[in-house]
Amino acid sequence: DTFISLPGSTFILGNYSDAKEILLSFAKYQNTNPADKNYGRIPNRITLAETIYNTTDATPWFVIQAYNYFRYTADSLFLKAIYKNIKTAFHGAVKNYTDKNGFLTHGDADTWMDAVGGNGPWSPRGDRANDIQALWFLQLKYSDYFSRIMNDDEFGTEVSSYMEKVSSNFPGFFVDFENGSVFDRLRKDNSPDSTLRPNLFFSLNVPELIPGYRTRLKILSHAMKNLVYPYGVLSLTHNDTNFHPYHQYPPYYVKDAAYHNGIIWTWNTGPVVEALCNFNLQDTAWVLTSELTHQILHRGAVGTLSELTDALPKEIGKPVELSGTFSQAWSLAEYLRNIFNNYFVREKIPGTRII
């Protein structure tokens with residue numbers, strides 16, 4: 001959550017000191033034990049009692065935001081301080097969590113869709129989810145970038161070989177060319193899961209993974225029709241038999257059953273707006289952004305955004321109910337990131353695409 005929130009809460013405001021402190025703080029808690037299964041990972045949570053590494057995307061997000069910080073600031077001292085962390089993140093992933101195709105593997109609840117009930121994960125996504133591969137590719141891409149600055153040819157060669165593996169293998173394993181979509185994950189037996197979720201927007205925003213403008217546009221069109229309403233982005237298509245439209249709906253189901261299975265996560269508007277703007281569809285994107293603006297000004301806790309909304313109104317003519325936490329960092333941060341990086345400044349830094 002912290003790393004996803006970082007661009008909208010620090011970078012676009014020019015608040016680089018806080019961004020640097022946050023990144024260096026997490027770097028201190030990276031798992032540096034080569035014998036540990038979580039070697040190289042950045043923690044998901046740090047408490048007084050323990051440091052928890054039960055997520056696969058925190059580490060790629062750490063590298064991505066370290067890159068973004070460096071590109072904004074050219075802070076060479078920062079790069080020298082975290083370069084060892086960048087290398088350890090790569091080596092730990094390769095040692096414990098990559099398959100023969102270069103994809104990053106993980107557990108069923110180790111993505112941002114992490115709700116677990118008495119019978120296990122409510123939205124199992126192991127062992128290779130599409131958004132994780134997109135983040136992993138960017139981790140590799142930016143690690144390669146850092147290696148060139150540091151004149152570390154050996155590390156650069158290692159990283160670029162995996163980057164090539166992922167980009168060349170992704171279309172054959174993840175792109176559903178027939179239906180114009182992206183499989184949500186590969187199961188352990190390599191069978192693809194055609195469940196339609198908003199995670200595909202992450203891979204859509206990494207054009208190296210999906211070759212062909214027309215192919216990407218077809219995927220965008222299919223996703224918009226099946227996942228996106230004018231007021232938000234569904235966490236699971238309404239056509240799925242597991243679709244849960246309401247977060248709080250006793251006695252029909254517990255709320256965690258709906259958490260990633262239909263209801264709207266406000267922050268997911270971020271990658272959708274980015275994708276639309278990448279295709280010069282700002283007018284379509286603005287429909288979503290305008291709804292969030294209305295929420296900020298007139299609903300819930302004024303000046304901020306809630307974590308969730310229901311997928312459907314409970315009464316005809318009424319707006320969808322807000323739910324979850326009444327003020328969520330990544331919801332508001334993604335709104336601000338879109339405003340500055342996708343509407344005002346399409347590419348804030350020449351030659352780069354800010355996440």
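The structure we're discussing is the one just above.
The rules behind these values
Residues numbered from 1 in each chain as written. Predicted model: local features only at pLDDT ≥ 70, side-chain atom pairs only at ≥ 80, totals over all residues. Heavy atoms only, no water. Pairing = 2+ DSSP bridges. Helix = DSSP H or I, 4+ residues; strand = E, 2+ residues; numbered from the N terminus. Buried < 20%, exposed > 50% of the residue type's maximum accessible area, 1.4 Å probe, protein only. 1 Å grid on protein atoms, 1.4 Å probe; cavity = no way out; pocket = protein on both sides within 12 Å on 5 of 7 lines; lining within 4 Å. Points joined across faces, edges and corners; volume = space filled by probe spheres on them. Nonpolar A, V, L, I, M, F, W, Y, C, P; charged D, E, K, R; others polar.

Digging into the sheet that holds strand β5 (residues 128-129)
1) Next: Strand order in the open sheet formed by 3 strands is β5-β8-β9, and the pairing between neighbours is antiparallel. Bordering the open sheet on either side are β5 and β9 (192-193), each of which pairs with just one other strand.
2) Next: For β5 and strand β8 (residues 185-186), the ladder comprises 2 bridges, and the chain directions are antiparallel. Looking at the pairing, alanine 129 lines up with arginine 185 of β8.

Observations concerning unusual backbone geometry
1) Next: Residue glycine 126 is joined to aspartate 127 through a cis peptide bond whose omega torsion reads 5 degrees.
2) Next: When you line up the elements, aspartate 127 lands in the loop between β4 (120-121) and β5.
3) Next: Look at the link from proline 250 to proline 251: it is a cis peptide, with omega at 5 degrees.
4) Next: Considering the arrangement of structural elements, one finds proline 251 in the loop between β11 (232-233) and α9 (255-258).
5) Next: Here the phi dihedral of alanine 74 falls at roughly 55 degrees; this positive angle occurs in a residue that is not glycine.
6) Next: For alanine 74, the position within the fold is in the loop between α3 (58-73) and α4 (76-96).
7) Next: By relative accessible area, alanine 74 is classed as exposed at 56%.

A short note on the layout of surface pockets
1) Next: Size it by volume and the largest pocket reaches roughly 480 Å³.
2) Next: Around the largest pocket, the lining comprises 24 residues; the ones closest to its centre are Asp1, Asn44, Thr55, Asp114 and Trp330.
3) Next: Of the residues contributing to the lining of the largest pocket, the split by class is 11 nonpolar, 7 polar and 6 charged.

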